[in-house]
Amino acid sequence: MSNPEKFYITTPIYYVNARPHIGHAYTTIVCDAVARRKRTLGIDTFFLTGTDEHGQKIERSATAAGKTFQQFTDEVSAEFRGLWDRMGITYDGFIRTTDEHHQRGVQEIFKCIKENGFIYKGTYTGQYCVYDELYVNEGGPGTPCPDCGRPTETLSEDNYFFKLSAFADRLLKFYEENPGFIRPEARRNEVISFVKTGLRDLSISRTSLKWGIPVPDDPEHLLYVWFDAVCNYATAVGFGSSDPAEKSRFQHYWPADVHVIGKEIVRFHAVYWPAFLMAAGLPTPLSIQVHGWLLFEEDKISKSRGNIVRAETIIDALGIDALRYFLLREVVFGQDGSFSFDALVTRYNADLANGLGNVASRTLAMVSRYFGGEIPAPSANAAHAAATEAVIVAAGEVIRSYGPLFDQYQFSRALELVWTLISGVNKYLVETAPWSLADDPNPATRETLATILYTAAEALRVATALLYPIIPDSAARIWLQLGLGDIRQFPLAGLQWGQLPAGTRLGQLEGVFPRADKFMTENMKQAEEKNAATAATAAPNAAPVNPAAAESVAAAAPASPVTGEAKTSDPSQAPPAGTAAVPATEGTARITIDDFTKIELRVGLVKSAEKVKNADKLLRLEVDIGTEVRQIVAGIAEAYAPETLVGRKVVIVANLAPRKLRGIESNGMIVAASIGEKGLPVLAGFLEDVPIGARLK
């Protein structure tokens, strides 16, 4: 049974044959987000990560690099730990399989299994993939590895074998009695199907290795790297130690509540590992959460394929929270997810810069300007009562629904829910226009202004509290600006509406999410190409790089900071992200798909429309694009009466720079065809029902 006072979560331990990439970062970020949330709920949490450092692949990588095995593993393990520290990963334990206490614990587990009669000595002959440290029982010499596709090597040697075949029925019964043990359901079904086909005994030692943990009382044999590796989850919390404190720690934290892993290692964790534990007489972990692959240009990101993307490139350009948010929002946990620099920048600008960042900057700027930097008190008698109540109801729904989604690893849906609140607040501010009330000394108007800004600030507080595990650095900065101190001390379990005290003095205001400029994507691509070229030169075991691309790489230009103030009809508005209409040109040259993907086309819903004073062709529109409501000035007044546009779905170009027309700032362009001699516009539309904010591709 799980100890209700604790929560123990692990990443897989990462193989140190090469340096970390964002595939490793994704798993680690997931675990860090879950661990942070558990801690804010007051739960005693232990979060483990580490490195897997034995096996033939390490031997070959170290030899290729001209280093000793220990020197090589020390250096690469330090890179993993250094990256996690730079990313602010809040691990409680970092285990290395070369740690002495781990080796003792692994040997103790082997002894327990052997004493219980589930290990015997025999001979193994078959195929083996060095790169994945995987036995491939079917096929002959050169048979491709089912994981990486490389040709396998024929291996024949005396081994110790684990009686895996004795555990098929017991494992099937265990899966049936614990339906939540493997998630998602597709992975559970896959494992059950594999076990039902029959289990063969597993070779768990090697005599051809030089780098590994010796079998107890038979040092000619080294333990199979996967037997060694999975034992880390138990040894990291004290198994195998004679120290009473370590024994007590193991009793407290074991079994693990959840192992978070990639789908390519499900068999090792959902079949072999529980069978090892059953054979040793130890409790099995409670849950295995399996995520898909990150795909880059439609191929799995992996060291062996040579198409890695470094987390450092993204951190240098946009900060760690941009990467955390993108991976947890864009990738549906359990499914494969696509990564591209274009998608990263688009999501960052739309959700963080124009969404959360915009709500924070405009709300807090108005509180500072109109109420001397103190949170005003709301009034039950203020105007816009229905709009205010809608925000309160939305916040309550988010508080109720966010936790269950998050705890089921449905991060994308949970974040989508929070962004309905954020976009709702943006819309609320547009509709109530608090800046237009600021100069009216009437007490009733001041009450309305105070209520609007309190409501926006309290909604911002609710969203920030929920988002802390996902974007901890940015959430902490917003929390400080709200005047609320250290967000880590906030008891999330007690979150409810109305906890922001009136009179709270704001902290120092600052922009949290400066908008990424149009060069950001190319800068990151160039930084990756330059790093790949450098790595290919410096490391003999690195993946090959296209020489032509490597030679043409220039140093990435630094990101342009967003500075200064923009004058708008809303004086608190952060530098806007859209732009005005630009006339189309005919006979232009063909563009590439890369050019086209730079254009962000979104579905918008016209919320209001009015003629621009002294301009026969211009209409001023308020268009909801899902994450925010945009003001757009469009030259369509000769073709459309304003009242006919309200409620209509249109297509807008959402990532153009802002532009002023007749003194009105336009943040987007309406897409339309041009017909007849006069070139009258005809708006692009849809026959089917398309959701607001959907992107056109």
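Residues numbered from 1 in each chain as written. Predicted model: local features only at pLDDT ≥ 70, side-chain atom pairs only at ≥ 80, totals over all residues. Heavy atoms only, no water.

## Observations concerning the pattern of salt bridges
A complete count under the given rule lists 33 salt bridges for this structure. Note that E53 and R96 form a salt bridge whose closest N and O atoms lie 2.6 Å from each other. Here the residue E53 occupies a position in the loop between strand 3 (44-52) and helix 2 (56-64), and R96 occupies one in strand 4 (residues 93-96), the gap between them amounting to 43 residues. The residues E53 and R96 share a single accessibility class, namely buried. (Salt bridge = Lys/Arg side-chain N within 4 Å of Asp/Glu carboxyl O. Helix = DSSP H or I, 4+ residues; strand = E, 2+ residues; numbered from the N terminus. Buried < 20%, exposed > 50% of the residue type's maximum accessible area, 1.4 Å probe, protein only.)

## Digging into helix 3 (residues 69-86)
One turn of an α-helix holds 3.6 residues; hence residues three or four places apart share an orientation. End to end, helix 3 covers 26 Å across 18 residues, agreeing with the expected 26 Å (1.5 Å per residue, within 8%). Taken residue by residue, helix 3 has F72, T73, V76, S77, F80, L83 and W84 as its buried positions. Across the axial projection of helix 3, the buried residues extend over an arc of 120°, all falling on one side. In the core, the buried residues of helix 3 are packed alongside strand 2 (14-15), helix 1 (22-40), strand 3, helix 2, strand 4 and helix 11 (311-318). Residue G88 follows helix 3 closely and has a positive phi angle near 75°. (Expected span 1.5 Å × (residues − 1). Arc of directions from axis to C-beta. Contact = heavy atoms within 4.5 Å.)

## Overview of the sheet that holds strand 12 (residues 218-223)
Sheet architecture is open: 3 strands sit in the order 10-12-11, paired in antiparallel fashion. Unpaired on one side and paired on the other, strand 10 (205-206) and strand 11 (214-215) mark the two borders of the sheet. Direction of pairing for strand 10 relative to strand 12: antiparallel, over a ladder of 2 bridges. The residue bridging S205 from the neighbouring strand is L223, located in strand 12. (Pairing = 2+ DSSP bridges.)

## Focus: the pairing of strand 18 (residues 601-611)
In this structure, strand 18 lies alongside strand 21 (residues 649-653), joined through 5 bridges in antiparallel fashion. The residue of strand 21 that forms the bridge with G604 is V650. Here 2 bridges tie strand 18 to strand 27 (residues 695-696), and the two strands are oriented antiparallel to one another. By the bridge assignment for strand 27, R602 is matched with R695. In the sheet, strand 18 pairs with strand 19 (residues 619-624) via 6 bridges, with the strands oriented antiparallel. Across the sheet, residue E610 finds its bridge partner in strand 19, namely R620.

## Side note on the packing of aromatic side chains
Tallied over the full model, the rule gives 35 aromatic pairs. Between F110 and F227 the ring centres are 6.3 Å apart and the planes differ by 85°, which places this aromatic pair in the edge-to-face class. Here the residue F110 occupies a position in helix 4 (residues 100-115), and F227 occupies one in helix 7 (residues 225-230), the gap between them amounting to 117 residues. The two residues F110 and F227 agree in class, both being buried. Ring geometry for W226 versus F268: centroids 3.9 Å apart, planes at 5°, classification stacked. A residue pair is termed long-range when its members are at least 10 positions apart, and W226 in helix 7 and F268 in helix 10 (residues 266-280) qualify at 42 residues. With respect to burial, W226 and F268 carry one shared label: buried. (Phe/Tyr/Trp six-rings, centres within 6.5 Å; stacked < 30°, edge-to-face > 60°.)

## Describing the sheet that holds strand 6 (residues 134-136)
In space, the 4 strands of this open sheet follow the order 6-5-7-9, with antiparallel pairing throughout. The two strands at the open ends of the sheet, each matched to only one other strand, are strand 6 and strand 9 (202-203). In the sheet, strand 7 (residues 153-162) pairs with strand 9 via 2 bridges, with the strands oriented antiparallel. Looking at the pairing, F161 lines up with S203 of strand 9.

## Some remarks on the side chain of K57
Along the chain, the position of K57 falls in helix 2. For K57, a relative accessible area of 12% corresponds to the buried category. Those residues in contact with K57 that sit more than four places away from it in its chain are Y15, N17, V130, Y131, D132 and E133.

## Section: the state of the cysteines
With the rule as written, the count across this model stands at 0 disulfides. Not part of a disulfide, C145 finds its nearest cysteine sulfur in C129, a span of 3.5 Å. A residue is classified by how much of its surface remains accessible, and C145, at 4% relative accessible area, is buried. (Disulfide = S-S within 2.5 Å.)

## What to know about the environment of A35
When you line up the elements, A35 lands in helix 1. The class of A35 is buried, set by a relative accessible area of 0%. Distance from A35 to F47, taken between C-alpha atoms, is 6.4 Å for residues 12 residues apart in sequence. If sequence neighbours within four positions are ignored, A35 has contacts with I9, T45 and F47.

## Section: the side chain of T10
For T10, the position within the fold is in strand 1 (residues 6-10). For T10, a relative accessible area of 0% puts it in the buried group. Here H259 takes part through its side chain, which lies 2.8 Å from a polar atom of the side chain of T10. Leaving out residues up to four positions away in the same chain, T10 has contacts with C31, L48, Y233, V258, H259 and V260. (Polar contact = N/O pair within 3.5 Å; in protein donor to acceptor, adjacent residues only side chain to side chain.)

## What to know about the packing of helix 16 (residues 443-467) against helix 17 (residues 472-481)
With their axes 9 Å apart at the nearest point, helix 16 and helix 17 run at an angle of 150° to one another. Here helix 16 runs over helix 17; the crossing is left-handed. Residue-level contacts link L460, R461, T464, A465 and L467 of helix 16 to A475, I478 and W479 of helix 17. Looking at the contact of helix 16 with helix 17 residue by residue, the class counts come to 6 nonpolar, 1 polar and 1 charged. (Axes fitted to C-alpha atoms, helices over the stretch in contact; angles between N-to-C directions. Left-handed = near helix turned anticlockwise from the far one by under 90°. Nonpolar A, V, L, I, M, F, W, Y, C, P; charged D, E, K, R; others polar.)

## Thoughts on the pairing of strand 3
Within a regular strand, the side chains alternate between the two sheet faces. Within strand 3, 8 of the 9 residues are buried, leaving the element largely enclosed by the surrounding structure. Pairing between strand 2 and strand 3: 2 bridges, direction parallel. Each residue of the ladder has a partner; that of Y14, found in strand 3, is T51.

## So, unusual backbone geometry
Residues R183 and P184 are joined by a peptide bond in cis, for which omega reads 5°. Position of P184 relative to the elements: it lies in the loop between strand 8 (182-183) and helix 6 (185-196). Cis rather than trans, the peptide bond between W254 and P255 has omega equal to 10°. Here P255 is to be found in the loop between helix 9 (244-253) and strand 13 (258-262). Even without glycine at this site, H384 takes up a positive phi of about 60°.

Purely geometric numbers; function is a separate question.
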